[in-house]
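Fold and geometry: a report
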Amino acid sequence: MIYVPDLENYKCFVVRSENVIRAYKQIPYNNSTIEYRDYYFNSNYLYQDGEQTFSQYTTLPICLDNNNLSTNFYYRNDLDSILTCFLIISIFTLLIPITILKRFFRRFN
């Protein structure tokens, strides 16, 4: 399964390279200009919008099967980075204040 952040608003998904998935708002056809969004999934799913023009001389892209795409959060490839950041933030926001409060109240006993 491939995680795509905004699966419902796009009709066609194409793997452009090993780091980029291109999502088209409409299914590409000849003599048309279609809006797209490139998702850089190895860069925390940053994206870049643009337009692509298809003429009768360009090759139309082959769309991925929607059964291979998902919006399920667990299919993200940066989930380990997110959990690491959450752990570090929770240490600073929970553990450090708790230890400071324990030491503060220990002095009064």
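Residues numbered from 1 in each chain as written. Predicted model: local features only at pLDDT ≥ 70, side-chain atom pairs only at ≥ 80, totals over all residues. Heavy atoms only, no water.

Notes on the nonpolar core
Grouped together as the largest cluster of nonpolar side chains are 11 residues: Tyr3, Val4, Leu7, Tyr10, Phe13, Ile21, Ala23, Tyr39, Phe41, Tyr45 and Leu69. Those residues in contact with Phe13, other than ones at most four positions away along the chain, are Val4, Asp6, Leu7, Ile21, Arg22, Ala23, Ile62, Cys63, Leu64, Asn66 and Leu69. Tyr24, Ile34, Tyr36 and Phe54 belong to the second-largest nonpolar core, a separate cluster that totals 6 residues. (Core = buried A, V, L, I, M, F, W, Y, C linked by side-chain atoms within 4.5 Å. Buried < 20%, exposed > 50% of the residue type's maximum accessible area, 1.4 Å probe, protein only. Contact = heavy atoms within 4.5 Å.)

Looking at the packing of aromatic side chains
A ring pair, where both rings are aromatic, is described by two values, the distance of the centres and the angle of the planes. Inspection of the entire model under this criterion finds 6 aromatic pairs. Plain terms: the ring middles of Tyr24 and Tyr36 are 6.4 Å apart, the flat faces sit at 65° to each other, and that makes the pair edge-to-face. Of this pair, Tyr24 sits in strand E3 (residues 20-24) while Tyr36 sits in strand E4 (residues 32-40), and the two are 12 residues apart along the sequence. Take Tyr24 and Tyr36: they sit in the same class, and that class is buried. Members of the aromatic cluster, joined through ring pairs, are Tyr24, Tyr36 and Phe54. Sitting over the ring of Tyr36, Arg22 keeps its end group 3.6 Å from the ring centre. Looking at Arg37, its charged tip hangs above the ring of Tyr47, at a distance of 3.8 Å from the centre. (Phe/Tyr/Trp six-rings, centres within 6.5 Å; stacked < 30°, edge-to-face > 60°. Helix = DSSP H or I, 4+ residues; strand = E, 2+ residues; numbered from the N terminus. Lys NZ or Arg CZ within 6 Å of the ring centre and 35° of its normal.)

With respect to the environment of Met1
Checked against the element boundaries, Met1 lands in the segment before strand E1 (2-3). Placed 99 residues apart in sequence, Met1 and Ile100 show a C-alpha to C-alpha distance of 45 Å. The contact partners of Met1, leaving out residues within four places of it in the chain, are Asn67, Asn68, Leu69, Ser70 and Tyr75.

Points about the sheet that holds E3
Across the sheet, which stays open at both edges, the 4 strands sit in the order E2-E3-E4-E5 with antiparallel pairing between neighbours. Every other strand in the sheet has two partners, leaving strand E2 (12-15) and strand E5 (46-54) as the edge strands with one partner each. In this sheet, neighbouring strand axes are inclined to one another by 25° on average, regardless of whether the strands run parallel or antiparallel. Two strands pair when backbone bridges link them, and E4 and E5 are joined in this way by 9 bridges, in the antiparallel orientation. For Asp38, the partnering residue across the bridge sits in E5 and is Gln48. (Pairing = 2+ DSSP bridges. Axes fitted to C-alpha atoms, helices over the stretch in contact; angles between N-to-C directions.)

Thoughts on the pairing of E4
By the bridge criterion, 5 bridges tie E3 to E4 in an arrangement that is antiparallel. Its bridge partner lying in E4, Val20 is registered against Tyr40. Hairpin connection of E4 to E5: 5 residues between the antiparallel strands, including Asn44 at a positive phi of 60°.

Points about helix H1 (residues 79-106)
For H1, spanning 28 residues, the distance from its first C-alpha to its last is 39 Å, which sits close to the expected 40 Å at 1.5 Å a residue. Approximately 35° is the largest bend angle found in H1, and it occurs at Ile91. (Expected span 1.5 Å × (residues − 1). Bend = angle between axes of the 7 residues up to and from the residue.)

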